[in-house]
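Chains, contacts and geometry: an overview
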Amino acid sequence: MKTKVAELITTLYQDNTLSKEELVYILDHIKQEEMELLFNLANATRKANYGSKVFLRGLIEFSNYCKRTCQYCGLRCANVKRSRFRLTKEEILACCYQGYELGFKTFVLQSGEDDYFTDEILTDIIGEIKQKFPDVAVTLSIGEKSNSSYRNYYEAGADRFLLRHETATKELYDKLHPGMSFANRRECLENIKVIGYQAGAGFIVGLPGQTSEILAENLVYLKEFKPHMIGIGPLIVHPDTPLKDYSNGSVEQTLICLALTRLLLPDVLLPSTTALNVLVPQGLKGGLQAGANVVMPNLTPVEERKKYELYQRRISADESKFLLARIEKCIEEAGYEVDKGRGDHKSFCRTKLE
Ligand code: SAH
Ligand code: SF4
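Residues numbered from 1 in each chain as written. Chains lettered and ligands numbered in written order. Predicted model: local features only at pLDDT ≥ 70, side-chain atom pairs only at ≥ 80, totals over all residues. Heavy atoms only, no water.

**A look at the overall build of the chain**
When you go through the chain residue by residue, the secondary structure sums to 14 helices and nine strands. Taken over C-alpha atoms, the radius of gyration comes to 19 Å for the chain, in line with the 20 Å a tight globule of 354 residues would show. Overall, the chain is about 60 × 45 × 40 Å in size when its C-alpha atoms are taken along their principal axes. For the chain, buried positions account for 58% of its 354 residues. At a minimum sequence separation of 6, the contacts of the chain that also span at least 24 residues come to 76%. (Helix = DSSP H or I, 4+ residues; strand = E, 2+ residues; numbered from the N terminus. Rg over C-alpha atoms; globule rule 2.2 N^0.38 Å. Buried < 20%, exposed > 50% of the residue type's maximum accessible area, 1.4 Å probe, protein only. Contact = heavy atoms within 4.5 Å.)

**Things to note about the site of ligand 2**
Lining the immediate environment of ligand 2, one finds C66, R68, C70, C73, R76 and G112. Of the residues that constitute the shell around ligand 2, the class distribution is three nonpolar, one polar and two charged. (Near = heavy atom within 4 Å. Nonpolar A, V, L, I, M, F, W, Y, C, P; charged D, E, K, R; others polar.)

**Regarding the state of the cysteines**
Put plainly, two cysteines are in a disulfide when a covalent bond ties their sulfur atoms together. The full count for this structure, using the stated rule, is zero disulfides. Free of any disulfide, C188 has its nearest neighbouring cysteine sulfur in C70, separated by 13 Å. (Disulfide = S-S within 2.5 Å.)

**Let's talk about the sheet that holds strand 9 (residues 337-339)**
Taken in spatial order, the three strands line up as 8-1-9 in an open sheet, and their pairing is parallel. With one partner strand each, in any of the chains shown, strand 8 (294-295) and strand 9 form the two edges of the open sheet. Judged from the two bridges that link them, strand 1 (residues 53-56) and strand 8 form a sheet pairing that is parallel. Counterpart to F55 in the pairing with strand 8 is V294. (Pairing = 2+ DSSP bridges.)

**Focus: the nonpolar core**
Counting residues in hydrophobic clusters, the biggest one holds 105 residues, and the most contacted among them are I129, L140, Y153, Y197 and I331. Looking at this core element by element, the count peaks at nine residues for helix 10 (residues 251-264). Setting aside its immediate chain neighbours within four residues, I129 contacts I92, L93, C96, F107, L109, V136 and V138. Y50, L162, M229 and L269 belong to the second largest nonpolar core, which has eight residues in total. (Core = buried A, V, L, I, M, F, W, Y, C linked by side-chain atoms within 4.5 Å.)

**Concerning the site of ligand 1**
In the region of ligand 1, 17 residues are neighbours, and Y72, S111, R164, E166 and I236 sit closest. A distance of 2.9 Å separates an oxygen atom of ligand 1 from a polar atom in the side chain of R164. With respect to ligand 1, the backbone of I236 contributes an N or O atom lying 2.8 Å from a nitrogen atom. Relative to its free-state accessible area of 540 Å², ligand 1 is covered by the protein chains to the extent of 92%. Among the residues making up the shell around ligand 1, the classes are represented as nine nonpolar, five polar and three charged. (Polar contact = N/O pair within 3.5 Å; in protein donor to acceptor, adjacent residues only side chain to side chain. Areas by Shrake-Rupley, 256 points an atom, 1.4 Å probe, with all protein chains shown as cover.)

If you want it as structure tokens, here you go:
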């Protein structure tokens, strides 16, 4: 006889929706066998939408300066131990040239919230990337900005914007983000979507005080907001942050959240995140098997890569081409097909701003 969890998972697979209470029930009661069912159905859903393709994005971490103090993050400005760097425009473009030669058609520009990069500087960089590589997509992951800044970047040619909502409940959000506003984060996400970006939200699994209810709230929010991309990764405790005495997030719970997300939003672009791969050697493969369809190899120069420490990771001192070769091998060995195309969301059609 089917368990209640198995029944709920099957319903979710068929209808792509469940109530918050039903999601909590799954999170609280799921066992090994039901996990296999969940991952199989998530994998089947991903296959139905994207075949066995895995899209690659070239990640360029261009500044580790940050004015924020997110409690979990090694780049928070209060971490005075962290030495800081900024890539110049020329260095960013050099990463793009290298990435382009390796076949990437998407560059993700990521940084702390660094006011050195004014709209003028950033739009100049974005414009030049788009001019030199007209067939690539540019994704930004640079935090909260004004609506007019978001519009400027879009007009300069940026196509996608990643801004994780981090956690969907105000109380926990406020605790972990001193001086930041839950309402503003949500407004930024709305603005990003309205402007016409392919929008990315997402959350961290294993934050202190995070219950199954809160995890389910995250999933319900994502279902309602319908982002084009969703980043979900485990907390990795950083020793130079206020969360230093907590435990890392659970890999298993992250995989469950990825799979539930795939079933809730069948055609979403879903990375098998770096954080997952840091915690377990087979993390990348596990993410793909739970329904993920995107991987983001790092194009940042090795010395700066070491300093871009949101969390401590096993830094590969490999140059990008060797790193890429390893990732490609891993994807293929897991039975998937590497796709270096732009990998836009199915619904995407770029519009001009009014
Ligand atoms: N500053 C930008 C982009 C860089 S941070 C921003 O905050 O949006 C990118 C993501 O890294 C964050 O959204 C957060 O979810 C994740 N992150 C930061 N520190 C982390 C940690 N210690 N463990 C896991 N994820 C972390
Ligand atoms: Fe800065 Fe982003 Fe880290 Fe927060 S998560 S401290 S905004 S880099």
